[in-house]
Amino acid sequence: MGYNLGILISGNGSNMLNIIEASKKKIIKSKIATVISNNPRALGIKEASKKGIDVKIINQNKYSNIDDFENSLSQYLLKKRVNLICLAGFMKVLSKDFVKKWKNKIINIHPSLLPSFKGLNTHDRAIRQGVKFSGCTVHFVNEKLDSGKIIDQEIVKVLKSDNVYSLQKKILMKEHKLYIRVLKSLEMKNGKI
Ligand code: GAR
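Summary of the structure given here. Keep in mind the model is a prediction, meaning the values are calculated, not measured.

## Notes on the site of the ligand
(1) Moving on: The environment of the ligand is formed by Asn12, Gly13, Ser14, Asn15, Gly89, Met91, Ile109, His110, Pro111, Leu172 and Glu175.
(2) Moving on: Between the ligand and the protein, one listed contact pairs an oxygen atom with a side-chain N or O atom of Ser14 at 2.6 Å.
(3) Moving on: A distance of 2.8 Å separates an oxygen atom of the ligand from a polar side-chain atom of Glu175.
(4) Moving on: Contact with the protein chains hides 86% of the accessible area of the ligand, taken as 450 Å² for the molecule alone.

Following this line, the structure appears as structure tokens:
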């Protein structure tokens, strides 16, 4: 069964656009209820609106505290009847309260093979450590950063010639494939448990 997706972004939104495409082409059953950005300058916002998707900017800098910001976020997601939140380059850590409220309903894509390289600057750290393989992970979001249950991963080989830019590019291509595969598998289970 398809979901009503709420996609949260902060930047370019290539994963978000890829999910929109997959939904339009019926590769996945889910529909995009809304795309929300916490960053008013996120490039992805324009692209999503061009595709006729509902777009909302909820800028945390306009709120005096995290609770108000997250309440606004929750209210909008509820208003749009979102039942699965997809973090796609959303660079704000969500609070324990928010995660509790949306328990098992938030998934995130992270550009490393978790549990390695949680947090930021993953590609730089992977190259410095000399890892031979890296990749990306989609996981459920829990109260600890990048630590929720892993749903699926994609692997890439790290070549001697790779730099941060080339590795990021290779992994991003895998991310697009992975996010769709995960959504398809969750859709298969949805309603059956
Ligand atoms: C992606 O590489 C995603 O894995 C990463 O941000 C990029 C967003 O690209 N997310 C994180 O680092 C979250 N901690 P996109 O905006 O083009 O989808």
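## Description of the pairing of strand 1 (residues 4–9)
(1) Moving on: When you tally the buried positions in strand 1, you get five out of six residues, the bulk of the element.
(2) Moving on: Inspection of the sheet shows strand 1 paired to strand 2 (residues 31–37) by six bridges, in the parallel sense. Across the sheet, Ile7 pairs through a bridge with Val35, a residue of strand 2.
(3) Moving on: Handedness of the crossover is the feature at issue here: the chain leaves strand 1, passes through helix 1 (residues 14–24), returns alongside strand 2, and the resulting connection is right-handed.
(4) Moving on: Looking at chain direction, strand 1 and strand 4 (residues 84–87) are connected through four bridges and run parallel. Residue pairing across strands places Ile7 opposite Cys86, the latter belonging to strand 4.

## Looking at the side chain of Asn108
(1) Moving on: As for its placement among the helices and strands, Asn108 is situated in strand 5 (residues 106–110).
(2) Moving on: Assessed through its relative accessible area of 9%, Asn108 is described here as buried.
(3) Moving on: If we ignore the near neighbours within four places in the chain, the residues touching Asn108 are Leu87, Thr137, Val138, His139, Val141, Asp146 and Tyr179.

## Topic: the packing of aromatic side chains
(1) Moving on: The tally for this structure, following the rule as stated, stands at two aromatic pairs.
(2) Moving on: With 6.0 Å between their ring centres and 65° between their planes, Tyr63 and Phe69 make a pair best called edge-to-face.
(3) Moving on: It is Lys157 that lies over the ring of Phe133; its NZ or CZ is 5.1 Å from the centre.

## Thoughts on the pattern of salt bridges
(1) Moving on: Per the stated rule, a full pass over the model turns up nine salt bridges.
(2) Moving on: Close ionic contact of Asp54 with Lys80 constitutes a salt bridge, the shortest N to O distance being 3.6 Å. Taken together, the positions of Asp54 in the loop between helix 2 (43–50) and strand 3 (55–57) and Lys80 in the loop between helix 3 (66–79) and strand 4 put the pair 26 residues apart, joining distant regions of the chain.
(3) Moving on: In this structure, Glu154 engages Lys174 in a salt bridge whose closest nitrogen and oxygen atoms are separated by 3.6 Å. Pair noted here: Glu154 is in strand 7 (residues 150–157) and Lys174 is in helix 6 (residues 164–189), with a separation of 20 residues, a long-range link.
(4) Moving on: Note on Glu154: relative accessible area 9%, which makes it buried.
(5) Moving on: Residue classification places Lys174 among the partly exposed residues on the basis of a relative accessible area of 25%.

How each quantity is defined
Residues numbered from 1 in each chain as written. Predicted model: local features only at pLDDT ≥ 70, side-chain atom pairs only at ≥ 80, totals over all residues. Heavy atoms only, no water. Near = heavy atom within 4 Å. Polar contact = N/O pair within 3.5 Å; in protein donor to acceptor, adjacent residues only side chain to side chain. Areas by Shrake-Rupley, 256 points an atom, 1.4 Å probe, with all protein chains shown as cover. Buried < 20%, exposed > 50% of the residue type's maximum accessible area, 1.4 Å probe, protein only. Helix = DSSP H or I, 4+ residues; strand = E, 2+ residues; numbered from the N terminus. Pairing = 2+ DSSP bridges. Right-handed = clockwise from strand over helix to strand, strands pointing away. Contact = heavy atoms within 4.5 Å. Phe/Tyr/Trp six-rings, centres within 6.5 Å; stacked < 30°, edge-to-face > 60°. Lys NZ or Arg CZ within 6 Å of the ring centre and 35° of its normal. Salt bridge = Lys/Arg side-chain N within 4 Å of Asp/Glu carboxyl O.

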